[in-house]
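Chain by chain, the residues run as shown.
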Amino acid sequence: MAPARWLPPVFVLMAGGGLTGACRDPGLTTGSGGGSGAGGSAGAQGVGGTTEPETALIGAPLVFAPARGALGVSAVVGRGLAADLVASIREEGTDTWSTDTVPTHPADDVAEWRFTDLAEGTRYEYRVVANDAGEPTALYQGTGTTARPPGEPFEFVILSDTHIPPREVLPGDVSIEDYAEDILLSLADPIRNEEADFLINLGDTLDFHLFGFNDPPPDGSYTRQGYLNYRRCMKDSIGHAVHFPVVGNWDGENGYYTADQIAYSREQRMRYVPAPDDQGFPEGGSPNQDYYALTWGDALLVVLNVMSYTEVPLLLDYPMGVPEDWTLGPEQLAWLETTLADSSARWKFLFIHHAVGGAAGDYANTIYGRGGGLAANVGEQAYVHDLMVTHGVQTFFYGHDHVFTDMVVDGVHYSLPGSAGAPWKFLGVETGYTDYFTDSGYARVEVSPDSVSVQYVSYYGYVLQSYVLE
Ligand SMILES: [Fe+2]
């Protein structure tokens, strides 16, 4: 691997920046009313002399997968009423939309649909329409693919550590106030162009540095703002691929917070970045959607939460506890063991914010959970590692250290696909890694019944490193 390169965390406005038309969907059809794209344009729309405000979305709708043969769509209104929205769906390439479906409202500004009884491994189109002024107005048209049956190849994208801060954003807002927003707004376009079935964000989706170092936000309104800003920055990528979240240490749900603090951020996560729960996919998970598993094609995907069940504060700046204190908690760990044992999938992947232990460049970073594969035999990670070896897990995908690296331990890849927003790129003295890349970017994973290709894609568009599983 080429030597690591250090990119200083400067604020860079890229030429074009991927911002032009960020929230104006080029694929939008205007239905019978004329759409304005996700977010639309500012201003009221007078209809028949009325002053009824135009309904407009914040960012694209977010597509999620609540179960096999199902697709979810979550739209957030920044102007107008979520209750005025309806949605319909059709198989891609067909002409007839389903009848309009009214949404549920997990929050006042959210319209959420769950389309069920769909065919497996099928790409659908959906459209979101506002009935706010007599004549229906199409706000967005997107796509989503249902979980595939075995035998079908597919691609997915992993991004991590987007570190998007909370602030109020409006429909059509493409403003940039910090490095993380700039990077993610730029990466959202190539991620969209991957035409992936789904996207997995490995955590630290949000950032609350303005409240201190790993301190919780004062209340859930900040978590909500963070997720809305994140959705805005993901542009059309979340409107055309299923999104799966992972809980990281900057997402407001750390186990040493009070139960109330965890609950108010968890509530916002479930409202604004919904995920599978314990009821949807046969593999199940947590009713809080913080850990879950599903099978897509020939791959078992297991999302884990290392943050919320570790009750000791394990921080860089507050030496307390030991790296062996990291835990998934007994319930999640037992579920992981069962889920791995019960799966006959050809490929098995874990997704987690960081190892369930630490072994990094210094003791503070070790306590903080850094080091990936260096921590394979530390604390509860040693048990997770043994489970991976026993049940044939090929790759342990994790985030947290903000660089690209890959390490093979007992045949298991510990793969860290960089960061897609974080301005801090941790060096070997902190992480213990000797081979790594400090570029921002994401991972492209191509899965077929016979092989898997994992490619680390730099912010600049080229592949930094890749490996193949066979
Ligand atoms: Fe991070």
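See above for the structure.
Residues numbered from 1 in each chain as written. Predicted model: local features only at pLDDT ≥ 70, side-chain atom pairs only at ≥ 80, totals over all residues.

**Considering the pairing of strand 19 (residues 463-469)**
Note the threshold: Any two strands with at least two DSSP-identified bridges between them are counted as paired. Starting at the N terminus, helices and strands are each numbered in turn, a helix being any DSSP run of H or I of at least four residues and a strand any DSSP run of E of at least two.
Pairing analysis gives 6 bridges linking strand 18 (residues 452-458) to strand 19, with the strands arranged antiparallel. Across the sheet, the residue bridging to Q455 is S466, located in strand 19. The turn linking strand 18 back onto strand 19 is made up of 4 residues, and G461 within it adopts a positive phi angle of 100°.

**Things to note about the sheet that holds strand 11 (residues 292-296)**
Stated precisely, the cut-off is as follows: Note on geometry: axes are C-alpha line fits, over the in-contact stretch for helices, and angles between N-to-C directions span 0 to 180 degrees. Whether two residues are in contact depends on their C-beta atoms, placed from the backbone: they are in contact if these lie within 7 Å.
What the 6 strands build is an open sheet, ordered 11-12-13-14-16-15; its pairing is mixed. Strands at the two margins of the open sheet, each flanked by one partner only, are strand 11 and strand 15 (404-409). On average, each strand axis in the sheet is inclined to that of its neighbour by 20°, with strand direction left out of account. The sheet contact formed by strand 15 and strand 16 (residues 412-417) spans 6 bridges and is antiparallel. Residue pairing in the sheet places V409 in a bridge with V412 of strand 16. Taken strand by strand, helix 6 (residues 379-391) contacts strand 13 (347-352), strand 14 (395-398), strand 15 and strand 16, and its axis lies near 120° from that of strand 16.

**Focus on the sheet that holds strand 19**
Where strands meet in a sheet, backbone hydrogen bonds hold them as pairs that are either parallel or antiparallel. Read across the open sheet, the 6 strands follow the order 10-9-8-17-18-19; overall the sheet is mixed. Lying at the two open borders of the sheet, with one neighbouring strand each, are strand 10 (242-245) and strand 19. Strand-to-strand twist of the sheet, defined as the mean angle between neighbouring strand axes without regard to direction, takes the value 20°.

**Points about the pairing of strand 6 (residues 123-130)**
What counts, and what does not: Residue burial here comes from a neighbour count, namely the number of other C-beta atoms, placed from the backbone, that lie within 10 Å of the residue's own C-beta, with 20 or more meaning buried, 12 or fewer meaning exposed, and in between meaning partly exposed.
Most of strand 6 sits inside the fold, with 6 of its 8 residues counted as buried. As paired elements, strand 4 (residues 85-91) and strand 6 share 7 bridges and run antiparallel to each other. Looking across to strand 6, one finds that S88 is bridged to R127. Note: strand 6 against strand 7 (residues 137-145), 8 bridges, orientation antiparallel. Following the sheet pairing, E125 is matched in strand 7 by T143.

**Re the packing of helix 2 (residues 220-233) against helix 3 (residues 259-272)**
For any two helices packed against each other, the geometry comes down to the angle between their axes and how far apart the axes lie. Test applied: Put simply, angles under 35 degrees are roughly parallel, angles over 145 are roughly antiparallel, angles from 65 to 115 are roughly perpendicular, and the rest are oblique. Each helix crossing is assigned a hand: it is left-handed if the near helix lies turned anticlockwise from the far helix by less than a right angle, otherwise right-handed if that turn is clockwise. When residues are sorted by character, Ala, Val, Leu, Ile, Met, Phe, Trp, Tyr, Cys and Pro go into the nonpolar class, Asp, Glu, Lys and Arg into the charged class, and all the rest, Gly among them, into the polar class.
Taken N-terminus to C-terminus, the directions of helix 2 and helix 3 make an angle of 30°; their axes are 8 Å apart at the nearest point. Our classification of the angle between helix 2 and helix 3 gives roughly parallel. The interaxial crossing formed by helix 2 with helix 3 has right-handed handedness. Contacts between helix 2 and helix 3 involve G220, T223, R224, Y227, L228 and R231 from the first element and Y264, S265, E267, Q268, R269 and Y272 from the second. The class makeup of the residues in the contact of helix 2 with helix 3 is 4 nonpolar, 4 polar and 4 charged.

**Things to note about helix 3**
Applied cut-off: Here the expected length of a helix is defined as 1.5 Å per residue gap, with one fewer gap than residues.
The end-to-end C-alpha distance of helix 3 is 20 Å, a good match for the 20 Å that 14 residues give at a rise of 1.5 Å each. Contacts from the buried residues of helix 3 go to strand 3 (71-79), strand 5 (110-115), helix 2 and strand 10.

**Description of helix 1 (residues 179-193)**
Note the following rule: The angle between axes fitted to the seven residues ending at a residue and the seven residues starting there is what we call the bend at that residue.
Here helix 1 contains 15 residues, and its C-alpha end-to-end distance of 22 Å stays within 8% of the 21 Å for a straight helix at 1.5 Å per residue. The largest bend in helix 1 amounts to roughly 25° and is located at L187, with the proline P190 lying one to four residues further along. The buried count for helix 1 comes to 11 of 15 residues, which makes it a mostly enclosed element. Of all the residues in helix 1, the buried ones are A180, E181, D182, I183, L184, L185, S186, L187, A188, I191 and R192. Those residues of helix 1 that are buried lie in contact with strand 8 (154-159), strand 9 (198-201), helix 2 and strand 17 (441-447). In the segment just after helix 1, E195 is the residue with positive phi, at about 55°.

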